[in-house]
Amino acid sequence: MLIRGGTVVTEGGELEADILVEAGRIAEVRPGIAGDGAIDATGLYVLPGLVDPHTHFALDTGTGRTADDFTTGSASAAAGGVTTYINFAIQHQGQGFEQALAAVREEADGRTHVDYSLHLNITHLDPGWEAELERVVDRGVSSAKVYTTYKGTVFYVDDFTVHRLMERSGPAGLLVQMHAENDDLIEGRRRELAAAGLTSFAYHAAARPAVAESEAVSRGLFFSRVTGSPIYFVHLSNPLSVDLVSEARARGLAAVAETCPHFLCLDDSVYGGRDAIRYLMTPPIRDEEMQAGIWARVSRGEIQTVGSDHCGYSLDQRGSSVDFREVSPGIPGVETTLPLLYTFGVDANRITLGDLARLTSTAPARVFGLYPRKGRIAPGADADLVLFDPAARGPLTDSELHTAAGFSPFSGLELRGRVRTTISRGEVVYDRGRVLGLPSHGRFLDRLPFDAARLG
Ligand SMILES: [Zn+2]
């Protein structure tokens, strides 16, 4: 395969070059490579395939299951230029770590259009967990999420469990990821709102105040400081949370901040509208000032990664409730990260094209132990590439998407650019609106143990 005439974008900048692919890997990157049957990339940006570090395909919370399974979710990923996604594998009641991972492998293997890996979602520590933790890292699962919220569900873990886990996670080579929201602050606010009869979707954001996030981030950083274990904060929405992470990094902690496109491209006015049901995720979307604050920190390089937090419930699955307490949170997003960050980031002069490649591909590949195989355009790397057409402009519509959720919270936004073609290990898996190839193409990826030296 030869890709000719495009502008190759890497974290280091842009280069007019052709890309020769052999046996699924990049063989050469330079101008003027000769050969027949080239893919014409004239006028297109050629970026490293996105590494989405945060998806919830086939999420089963016990009360509901997402419309997107691995096949539809990965089709949506391919259409979004995502060539690797890292999905969460919940440790259900009665399961050990290895059982939880094996159950998800069973469901995903052979049913994914692009490559994938798994994060463990630890919900409890059984006797013997320490040795099991080392075994899962050995088998390529080097990250695990804990939730500090959703008390009363399988997800919530108490502070003792987080601290106990972090006493071991660093030496084991495991990166602990935290969904940071102080559950007591949220519960108290929900009670107040409910007592006042304020339970419509308009109050979803008010019920989960930004201070709850920052308090839990502060606690996670404290545990990191006293245990020496690295920590990664998923989906940060409050600039103060990012500042706490930056201060900790300055002190030498291995702490990483992730944000999501919805915190960058939407503000909380969406909850006042009739379509508020399209924007129910946690943490909620914040006000314009916080949105600007998150952008400023992305621009300054203080936020390391962007993940979609794709959680594809359909609007039908939301049921008929109009009470924010009765809806499973989550929105689809794996397909829209690239055009959103191009439009509101690159085109708005907030980030460079190189930043775009770093935030969406190279940095997550490094943090999660997939680099140098993924996340770069250079000889030897997997030929995971996305051809992006900056001239394809227009409002995003639900009907152009491939997620089984059937909608996007970003529909209606005027986007500059669309994914033209997605290539996974040298195979075209998406081209001009159509997902190509078979869901047997994608493979499970073993990841390296966490190494703080890769954070740079
Ligand atoms: Zn999530």
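Here the structure is a predicted model, which is why all the values come from computation and not from measurement. (Residues numbered from 1 in each chain as written. Predicted model: local features only at pLDDT ≥ 70, side-chain atom pairs only at ≥ 80, totals over all residues. Heavy atoms only, no water.)

Q: How should the sheet that holds strand 1 (residues 2–4) be read in this particular structure?
A: Hydrogen bonds along the backbone pair up the strands of a sheet, which may run parallel or antiparallel. Spatially, the four strands line up as an open sheet ordered 5-4-1-6, and their pairing is mixed. One side of each edge strand has no neighbouring strand; the edge strands of this open sheet are strand 5 (25–30) and strand 6 (39–40). Sheet analysis places strand 4 (residues 18–22) next to strand 5, joined by five bridges and oriented antiparallel. Looking at the pairing, Asp18 lines up with Arg30 of strand 5. (Pairing = 2+ DSSP bridges. Helix = DSSP H or I, 4+ residues; strand = E, 2+ residues; numbered from the N terminus.)

Q: Just checking my understanding: could you explain the pattern of salt bridges for this structure?
A: A side chain with one charge can pair with a side chain of the opposite charge if their charged atoms come near. Tallied over the entire structure, the rule returns 28 salt bridges. Between Glu107 and Arg65 there is a salt bridge, and its shortest N-O distance comes to 2.5 Å. Taken together, the residues Glu107 in helix 2 (residues 97–108) and Arg65 in the loop between strand 8 (50–55) and helix 1 (70–79) connect sequence positions 42 residues apart. A residue is classified by how much of its surface remains accessible, and Arg65, at 37% relative accessible area, is partly exposed. The partner of Arg358 in a salt bridge is Asp355, and the shortest N-O contact between them spans 2.8 Å. One end of the pair, Arg358, and the other, Asp355, are both in helix 11 (residues 353–367), three residues apart, so they sit about a helical turn from each other. Overall, Asp355 belongs to the buried group, its relative accessible area being 17%. A single salt-bridge network, built from bridges that share partners, covers Arg25, Asp115, Arg373, Lys374, Asp382, Asp384 and Arg425. (Salt bridge = Lys/Arg side-chain N within 4 Å of Asp/Glu carboxyl O. Buried < 20%, exposed > 50% of the residue type's maximum accessible area, 1.4 Å probe, protein only.)

Q: Sorry if this is basic, but what is going on with the coordination of the zinc ion here?
A: Six octahedral donors at a metal ideally form angles of 90 or 180 degrees, and four tetrahedral donors ideally form angles of 109.5 degrees. All of the protein donors around the zinc ion are His54 (NE2), His56 (NE2) and Asp309 (OD); their distances to the metal are 2.0 to 2.2 Å. Ordering the donors of the zinc ion by residue number gives the pattern H-x1-H-x252-D. Remark: Asp309 occurs in the loop between strand 15 (305–306) and helix 10 (337–346) and His56 occurs in the loop between strand 8 and helix 1; sequence separation between them is 253 residues. The exposure class assigned to His56 is buried, which follows from its relative accessible area of 6%. (Donors = N, O, S within 2.8 Å, 3.2 Å for Na, K, Ca; no water.)

Q: Sorry, what's going on with the nonpolar core here?
A: Soluble globular proteins tend to bury their nonpolar side chains together. Grouped together as the largest cluster of nonpolar side chains are 96 residues, with contacts concentrated most on Leu47, Leu221, Phe233 and Leu356. Residues from two domains meet in this core; each of domain 1 (2–45 + 381–435) and domain 2 (50–374) gives at least three. When near neighbours in sequence (up to four residues on either side) are disregarded, Leu47 contacts Val9, Leu338, Leu356, Ala357, Ile377, Asp384, Leu385, Val386 and Phe388. Core analysis: the next-biggest nonpolar cluster, separate from the first, contains 15 residues, Ala17, Ile19, Val21 and Ala41 among them. (Core = buried A, V, L, I, M, F, W, Y, C linked by side-chain atoms within 4.5 Å. Domains from an automatic or database assignment. Contact = heavy atoms within 4.5 Å.)

Q: Sorry, what's going on with the environment of Gly456 here?
A: Structurally, the position occupied by Gly456 is in the segment after strand 19 (434–435). Spatially, the C-alpha atoms of Gly456 and Ala363 are 9.9 Å apart, while their sequence positions differ by 93 residues.

Q: Got a minute to help me understand the packing of helix 7 (residues 239–250) against helix 9 (residues 288–299) in this structure?
A: Between two packed helices, what matters for the description is the angle formed by their axes and the separation of those axes. At their nearest, the axes of helix 7 and helix 9 sit 8 Å apart, and the two run at 30° to each other. The orientation of helix 7 with respect to helix 9, classified from their angle, is roughly parallel. Listed contacts from helix 9 to Pro239, Val242 and Asp243 of helix 7 are Met290, Gly293, Ile294 and Arg297. In terms of residue class, the contact of helix 7 with helix 9 is made up of four nonpolar, one polar and two charged. (Axes fitted to C-alpha atoms, helices over the stretch in contact; angles between N-to-C directions. Parallel < 35°, antiparallel > 145°, perpendicular 65-115°, else oblique. Nonpolar A, V, L, I, M, F, W, Y, C, P; charged D, E, K, R; others polar.)

Q: So what exactly am I meant to see when it comes to helix 4 (residues 159–172) here?
A: Residues lying three or four places apart along an α-helix face the same way, a consequence of the helix completing one turn every 3.6 residues. Here helix 4 contains 14 residues, and its C-alpha end-to-end distance of 20 Å stays within 8% of the 20 Å for a straight helix at 1.5 Å per residue. The sharpest bend along helix 4 reaches about 30° and sits at Met166. The elements touched by buried residues of helix 4 are helix 3 (129–138), strand 11 (143–147), strand 12 (175–179), helix 6 (210–227) and strand 13 (231–233). Of the residues trailing helix 4, Gly173 is marked for its positive phi of about 80°. (Expected span 1.5 Å × (residues − 1). Bend = angle between axes of the 7 residues up to and from the residue.)

Q: Explain the pairing of strand 4 to me, please; I cannot follow it from the model alone.
A: Both faces of the sheet carry side chains from a regular strand, because those side chains alternate between them. For strand 4, the tally of buried residues reaches four of five residues, placing the bulk of the element in the interior. Here strand 1 pairs with strand 4 via two bridges, running antiparallel. From the neighbouring strand, Ile3 faces strand 4, where its bridge partner is Ile19. Hairpin connection between strand 4 and strand 5: a loop of two residues separates the two successive antiparallel strands, and Ala23 in this loop has a positive phi of roughly 50°.

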